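Tertiary structure, described
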Protein chains: 2
Amino acid sequence: MKGLQKITLLGQLTTCLLVLSFHAVMAQTPSSYKYKRAEELTMIGKAFANKQFYHRIDTADYPDLPTPVKSLLTHSAGLAIAFKTNSTAIAAKWQTSARKPSANMTAIAFEGLDLYIKKDGKWQFAGVGKPTNDTTEAVVVQHMDSGEKECLLYLPLYDEVTNVSIGIDETGSIVALPDPFKKKIALYGSSIVQGASASRPGLAYPARLSRETGLNFINLGVSGNAKMEKATADMLAMIDADAFVLDCIPNSSPQEIEERTAYLIRTIRAHHPEAPIVMIQTLIREHGYFDQVVGNKTRDQNSMITQQIESLQKEINNLYFIKGDDLLGTDHEGTTDGTHPNDLGFDRMLQVIKPFLTTHLPIAGQIR
Amino acid sequence: MKGLQKITLLGQLTTCLLVLSFHAVMAQTPSSYKYKRAEELTMIGKAFANKQFYHRIDTADYPDLPTPVKSLLTHSAGLAIAFKTNSTAIAAKWQTSARKPSANMTAIAFEGLDLYIKKDGKWQFAGVGKPTNDTTEAVVVQHMDSGEKECLLYLPLYDEVTNVSIGIDETGSIVALPDPFKKKIALYGSSIVQGASASRPGLAYPARLSRETGLNFINLGVSGNAKMEKATADMLAMIDADAFVLDCIPNSSPQEIEERTAYLIRTIRAHHPEAPIVMIQTLIREHGYFDQVVGNKTRDQNSMITQQIESLQKEINNLYFIKGDDLLGTDHEGTTDGTHPNDLGFDRMLQVIKPFLTTHLPIAGQIR
């Protein structure tokens, strides 16, 4: 009899757990949320105020930019929606173009979302929005406590976004959060800056630098097209930035480096007499330890940029240089495909670049 | 006149470079290589010798395995082709199923290839095979010197492969390389063992463990389905392994852990009286710091497996336990989606698991 009572109790408990599970599943239905358009919240990560809410640069303002650069600047790399909410769940609806992920990226990084929430004074990862189609509706995180939470929802790295709405509990509130990052540091570069091959948007290295330093790094990575063209240099110089970090050597041939570096540096300096300018050598492509053509090209690029910067340092003040040799560590496991850092490679890049920017550069003093 | 000579010389040099570039591009055409079928080389990473060359387990031999486990064991996670060649380039043709990458994985990891070459006594990354379709032909690395090279070509983590051929220079030679790894350690677990979300096949953590220790870790990760079923336990116990590492808690409910752990451990021990058995707690799911349901479930799983192992250690010798708390480090950046480690998270897991296996366990002595 006692055994039977136990079984009945167990049965009731099981039913109770099933009901609870059912409610948990119900809570995952995105449409049960109340949505707010991102346009009513704060967009962070922009170089300029512009009319194209989801584009990094309003390229209509810079008609001379090369066509591929214009196209890449419509990708939302480095943009994030900042808001505050007491909701116990956060969902999202977002729309991207018909582009499909390249083989070296996850769909989450390429055309998905990830969310950070401030916890104990630090930004902490809280969930992802997995894209299922060009238009997706997904729960990013749920079952949270109902306290006020400061949130950053990062947008896709390699796609153009046309709409984002953020979903919260029917009874919850959501308001814009002021940009949590200070100053403005323009970070111009290649696919590596744009975010290949971080596994999600918030792990692109400019985003990690912002969260870890509190400084506002602007992602101006243009995959395959960071070639220091005159029109790009002119646009960069227009940014009201406190410092410029240039990681554009991977895409520039030795000849382009020879012909274009001085114009880029001098143009920035002409518009920003004191702003620190930091040039980074290209990282060593990992397949280049075997592919001699790739290895030699990388050496030639780094040799040429060294010559250029050493020469320019004689005339340009506050011009700094980071060597590329150790950017990925020493075990050769830091890339997805030889060229693009994976999250391990980016972590190692940060271990070189972050202390350089925050320690060797008197950044707090020099960046006004 | 001197200026004109310079220009002419520059012109000739440019023409010369263009011709060289053209030849470099030509060398990238995969069809200019001579191909050898993988069946004529060495397949490593198998638990048993079996008739299904590209499957991890010949599931016809284990009819009682759950259907999803059978299906997952057809994926080539952890398998690699070992060969030696003097070719200056390595290409590959391979065929996978119609499956498409999940949102948390790159196509290279899911259905592509990566190559390691022995250099200065260590396995070093050399290149990737990017899938372009269900059948792909691609150059993995080129422009190498013509010395003899020992190679490991890792196969897709999350797809079934039906054919692999390796391409080399028309004049080159290619022969089978004996399995370079010693002993046999069965590593049974979830999607995390199978390789989600490593950015390429060779970065799945069993593969990294093999290269870094020289021991032969067998990838028995079955995504979402490492639930310690009786038939799976019976199959695992049949493996002629020198040690067993069990990372199956992420997929097992507290009830399954309570009901199934003892059978799994006792069955392995019955067939392998002295082989070390190592159980690993589940890593802490990163979104579980906010999602209280997920956080509580992880705590319940780890609490239950702790009880089970502490109890079993009273009767089972050489049974070890690794705690899950610190597996991903402390900055919460080690996953792609909260659940699945990215390459940074895997690197941190290795920093816990590798010294445990090679130092705390007297592995060289105990593994015969």
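Residues numbered from 1 in each chain as written. Chains lettered and ligands numbered in written order. Predicted model: local features only at pLDDT ≥ 70, side-chain atom pairs only at ≥ 80, totals over all residues. Heavy atoms only, no water.

It is worth spelling out the pattern of salt bridges at this point. The tally for this structure, following the rule as stated, stands at 30 salt bridges over all chains. Close ionic contact of A:R266 with A:E315 constitutes a salt bridge, the shortest N to O distance being 2.6 Å. Here A:R266, found in helix α7 (residues 254-271), pairs with A:E315, found in the loop between α8 (292-312) and β15 (319-322); they are 49 residues apart in sequence, far enough to count as distant. Its relative accessible area of 46% is what places A:E315 among the partly exposed residues. One salt bridge connects B:K230 with B:D234, and the closest N-O pair in it is separated by 3.0 Å. Here B:K230 pairs with B:D234, and both are found in helix α6 (residues 230-238), just four residues apart, close to one helical turn. Under the relative-accessibility criterion, B:K230 is labelled exposed at 53%. Salt bridges here are not isolated pairs; linked through shared partners, they connect A:R208, A:E212, A:D347, A:K354, B:D331 and B:R348. (Salt bridge = Lys/Arg side-chain N within 4 Å of Asp/Glu carboxyl O. Helix = DSSP H or I, 4+ residues; strand = E, 2+ residues; numbered from the N terminus. Buried < 20%, exposed > 50% of the residue type's maximum accessible area, 1.4 Å probe, protein only.)

So, on to the interface of chain B and chain A. With 44 residues of chain B at the contact, the number on the chain A side is 44 residues. Counting across the chain B and chain A interface gives six salt bridges. With a shortest N-O distance of 3.8 Å, B:D331 and A:R208 are connected by a salt bridge. The interface formed by chain B and chain A holds 20 residue pairs in polar contact (both at pLDDT 80 or more) in total. (Contact = heavy atoms within 4.5 Å. Polar contact = N/O pair within 3.5 Å; in protein donor to acceptor, adjacent residues only side chain to side chain.)

The subject of this paragraph is the sheet that holds β15(A). All names here are of chain A. Strand order in the open sheet formed by five strands is β12-β11-β13-β14-β15, and the pairing between neighbours is parallel. Two strands lie at the open edges of the sheet, namely β12 (215-221) and β15, each paired on one side alone. Averaged over all adjacent pairs, the angle separating strand axes in this sheet is 20 degrees, with direction ignored. Sheet topology places strand β13 (residues 243-247) next to strand β14 (residues 277-280); three bridges connect them, and they run parallel. Each residue of the ladder has a partner; that of V245, found in β14, is V278. Helix-sheet contacts for α7 involve β13, β14 and β15, and the interaxial angle to β14 is about 160 degrees. (Pairing = 2+ DSSP bridges. Axes fitted to C-alpha atoms, helices over the stretch in contact; angles between N-to-C directions.)

Superposing chain B onto chain A takes a rotation of 180 degrees plus a shift of 0.0 Å along the axis, which leaves an RMSD of 0.0 Å. Both copies are brought into coincidence by an operation consistent with a two-fold rotation axis. A shared interface surface links the copies, since 100% of the contact residues of chain B are contact residues in chain A too. (Least-squares fit on C-alpha atoms with pLDDT ≥ 70 in both.)

Mapped onto the fold, B:G345 is located in helix α9 (residues 343-360). For B:G345, the contacting residues outside a window of four places in its chain are B:L327, B:L328 and B:G334.

Here we come to the packing of aromatic side chains. The geometry of an aromatic ring pair is captured by two quantities: the separation of the ring centres and the angle between the planes. Residues and elements named next belong to chain A. Considering all chains together, one arrives at 14 aromatic pairs over all chains under this definition. Their ring planes at 85 degrees and their centres at 5.6 Å tell us that Y116 and Y154 sit as a pair that is edge-to-face. Taken together, the residues span a long stretch of sequence, with Y116 in strand β5 (residues 113-119) and Y154 in strand β8 (residues 149-154) at a distance of 38 residues. Each member of the pair, Y116 as well as Y154, carries the same accessibility label: buried. Aromatic ring contacts, followed pair by pair, group Y116, F125 and Y154 into a single cluster. (Phe/Tyr/Trp six-rings, centres within 6.5 Å; stacked < 30°, edge-to-face > 60°.)

A few words now on the packing of α7(A) against α8(A). Residue and element names in this part refer to chain A. Interhelical geometry of α7 versus α8 gives an angle of 30 degrees and a closest axis separation of 9 Å. With respect to their mutual orientation, α7 and α8 come out roughly parallel. For the crossing formed where α7 meets α8, the hand is right-handed. Only D300, Q301, M304, I305, Q308, I309 and L312 of α8 make contact with α7, whose side of the interface consists of P254, I257, E258, T261, A262, I265 and R266. In terms of residue class, the contact of α7 with α8 is made up of eight nonpolar, three polar and three charged. (Parallel < 35°, antiparallel > 145°, perpendicular 65-115°, else oblique. Left-handed = near helix turned anticlockwise from the far one by under 90°. Nonpolar A, V, L, I, M, F, W, Y, C, P; charged D, E, K, R; others polar.)

Attention now goes to the packing of helix α6 (residues 230-238) of chain A against α7(A). The relative placement of two packed helices is expressed as an angle between their axes plus a distance between the axes. Residues and elements named next belong to chain A. Contact pair α6 / α7: the axes reach a minimum separation of 9 Å and the direction vectors enclose 25 degrees. By the angle between their axes, α6 is roughly parallel relative to α7. Of the two possible hands of crossing, α6 and α7 adopt the one that is right-handed. For the pair α6 and α7, contact is made by K230, A233, D234, L236, A237 and M238 and by Y263, L264, T267, I268 and H271, respectively. Here the contact of α6 with α7 is built from residues that sort into seven nonpolar, two polar and two charged.

Residue and element names in this part refer to chain B. Across the sheet, five strands lie side by side as β12-β11-β13-β14-β15; this open sheet has parallel pairing. Each end of this open sheet is capped by a strand with a single partner; those strands are β12 (215-221) and β15 (319-322). Within this sheet the neighbouring strands show an average axis-to-axis angle of 20 degrees, counted without direction. Summarising the sheet, strand β11 (residues 182-189) and strand β13 (residues 243-247) pair through five bridges and their orientation is parallel.

Let us now look at the environment of A:A82. Residues and elements named next belong to chain A. Its place among the elements puts A82 in strand β3 (residues 80-85). Residues A82 and E150, spaced 68 residues apart in sequence, show a C-alpha to C-alpha distance of 7.6 Å. When neighbours within four sequence positions are excluded, A82 is seen to be in contact with L41, T42, I44, C151, L152, A176 and L177.

Before going further, it helps to examine unusual backbone geometry. Excluding glycine, a negative phi dihedral is what most residues carry, and trans is how most peptide bonds are arranged. Going from A:A196 to A:S197, the amide bond is cis rather than trans, its omega being 5 degrees. By the element assignment, A:S197 lies in the loop between α4 (191-194) and α5 (205-213). In the Ramachandran plot, B:K183 falls in the positive-phi region, its phi being about 60 degrees despite a non-glycine side chain. Examined against the element boundaries, B:K183 turns out to sit in strand β11. Among the residues examined, B:K183 registers a relative accessible area of 36% and is labelled partly exposed. The residue B:H332 is not glycine, and still its phi comes out positive at about 65 degrees. Mapping B:H332 onto the fold places it in the loop between β15 and α9. The exposure class of B:H332 is buried, given its relative accessible area of 15%.

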